[in-house]
Amino acid sequence: MSQFPSSKAADGKRKEEQSEEKKRPTTPPSPTPQLPKPSATSATLELDKLMASLSDFRVQNHLPASGPPPKPELSSVSDTTPPPTSGSTAEGSLDTMLGLLQSDLSRQGVPTQAKGLCGSCNKPIAGQVVTALGRTWHPEHFLCGGCSVALGGSSFFEKDGAPYCPECYFERFSPRCGLCNQPIRHKMVTALDTHWHPEHFCCVSCGEPFGEEGFHEREGRPYCRRDFLQLFAPRCQGCQGPILENYISALSALWHPDCFVCRECFTPFSGGSFFEHEGRPLCESHFHARRGSLCATCGLPVTGRCVSALGRRFHPDHFTCTFCLRPLTKGSFQERADKPYCQPCFLKLFG
C-alpha cells in the first residue's frame with residue numbers, strides 16, 4: 001500500500017516550481033496591430049450611398065405589385081401570432097445596418113444626421129453641404145447653369161433662380177459696349193440709346209474722351225465740341241472759319257461780325273450800310289471806284305450830274321482846263337497827253 005505524501009512535501013515541491021518560473025526569461029506580449037480608421041470623406045460618401053439606396057428601397061416597397069389582385073381567403077380565428085412579412089424583415093435589417101453605420105461614424109467624429117435634400121438630385125445630404133438660393137446642395141451638384149463648372153467655394157451670380165459663374169453671367173446677360181461689342185463688367189455709360197465702356201465713349205473724330213463740356217451728336221455718332229464745330233458748324237464767308245456764336249447774315253451768306261467789312265480797305269461799315277459789287281461788300285468809295293463812278297479830279301463819288309470824257313467821269317465843276325483851270329462848260333475842249341485844254345490855251349501852248 002502506498003502512502004499519500006505529506007503536506008510538507010507538497011509545499012516544498014510548489015516552492016521549487018515557483019522559483020524555477022522566476023528564473024525563466026519572460027517574453028513580452030506582441031502588440032496587436034490596429035487597423036487604420038477610415039477617413040471622414042470615405043465614410044461620408046458611404047453614408048450618402050447607403051441613404052440613397054435606402055430611400056430607393058423604401059419607395060420600391062410601397063409600390064403595388066403588378067398583376068391581378070389575389071383572391072381573399074377565409075382565415076380561422078386563432079390565438080397564434082402571424083409570422084413577420086419579408087418587407088418588415090428587410091426594413092428591419094436595413095435599419096439595423098444604418099444604425100450600426102451611424103454609431104461607427106459617430107465614434108469617428110463624423111456627423112450622420114441628414115442636412116436636407118439636394119436641390120439637384122433630391123437625395124439626402126449627410127456630408128459637406130452648400131447652402132445657396134434658399135436650398136441645400138451636394139457640393140458636386142451645385143453647378144454653373146452655363147458651363148456646368150462646380151461653384152462650391154467660388155462666387156456666383158443668380159439669374160431666374162439658376163446660379164452662373166461670373167464669366168457665363170457676363171457673357172450671357174451683361175449689356176454690350178457700343179464700340180467694342182464686349183460685355184460690360186463694371187462701370188457703364190449710357191448715351192445715344194447705347195451702352196458704353198467709359199474709356200470707349202469718346203469723340204469719333206479725335207478719339208479723346210469727353211470732358212465736362214459733354215458731347216455733340218451727329219447722325220447717331222458722338223463728337224467733342226471742337227471737332228463738331230470744325231466739321232459741321234456754318235462757315236464765315238470772310239475767313240471760312242466756323243461760326244460759334246454771333247454772326248451777320250448778308251449777301252446770302254453768314255459772317256463773323258469782325259469779318260463783315262469792306263473787302264478792299266477792310267474798314268467796318270459805318271451806320272450798318274454797305275455797297276455790293278459782284279457779291280462782295282464794299283464801302284462807298286471802293287464801290288464807285290470799281291464801277292468807275294469817281295470824279296477823276298477830286299476822287300469823290302459822282303452821284304448827280306457828271307461829265308464823261310477821256311474815259312473818265314467828272315463833276316461838272318471839276319472838268320476844267322488843265323492850264324487855266326476854267327470850267328469846260330461849253331463841251332468843246334482839246335486833249336493833249338490825256339489832259340483837257342480849252343481852245344485858247346491849247347493854241348497858245350501847242351499852236
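Preceding this section is the structure that the text describes.
The sections below set out a description of the structure shown in this document. The shown structure was predicted, so the numbers you read here are calculated from the model rather than taken from an experiment.

1. Re the state of the cysteines
Piece 1. Going through the model one piece at a time under the given rule, you end up with zero disulfides.
Piece 2. Considering cysteine sulfurs only, Cys118 is the nearest to Cys121, which forms no disulfide, with 3.7 Å between them.
Piece 3. This cysteine, Cys202, is not joined by any disulfide, and Cys203 carries the nearest cysteine sulfur, 7.5 Å off.

2. Looking at the pattern of salt bridges
Piece 1. Tallied over the entire structure, the rule returns five salt bridges.
Piece 2. A salt bridge links Arg185 to Glu167, with the nearest nitrogen and oxygen atoms 3.0 Å apart. Remark: Glu167 occurs in helix α4 (residues 166-173) and Arg185 occurs in the loop between α4 and β5 (189-191); sequence separation between them is 18 residues.
Piece 3. The closest approach of N and O atoms between Arg176 and Glu171, which form a salt bridge, is 3.1 Å.

3. Quick word on the environment of Leu192
Piece 1. When you line up the elements, Leu192 lands in the loop between β5 and β6 (194-196).
Piece 2. Leu192 sits in the partly exposed class, given a relative accessible area of 28%.
Piece 3. In contact with Leu192, not counting residues within four places along its chain, are Phe215, Glu217, Gly220, Arg221 and Pro222.

Analysis parameters
- Residues numbered from 1 in each chain as written.
- Predicted model: local features only at pLDDT ≥ 70, side-chain atom pairs only at ≥ 80, totals over all residues.
- Heavy atoms only, no water.
- Disulfide = S-S within 2.5 Å.
- Salt bridge = Lys/Arg side-chain N within 4 Å of Asp/Glu carboxyl O.
- Helix = DSSP H or I, 4+ residues; strand = E, 2+ residues; numbered from the N terminus.
- Buried < 20%, exposed > 50% of the residue type's maximum accessible area, 1.4 Å probe, protein only.
- Contact = heavy atoms within 4.5 Å.

Everything listed is a geometric property; what it means functionally is a separate question.
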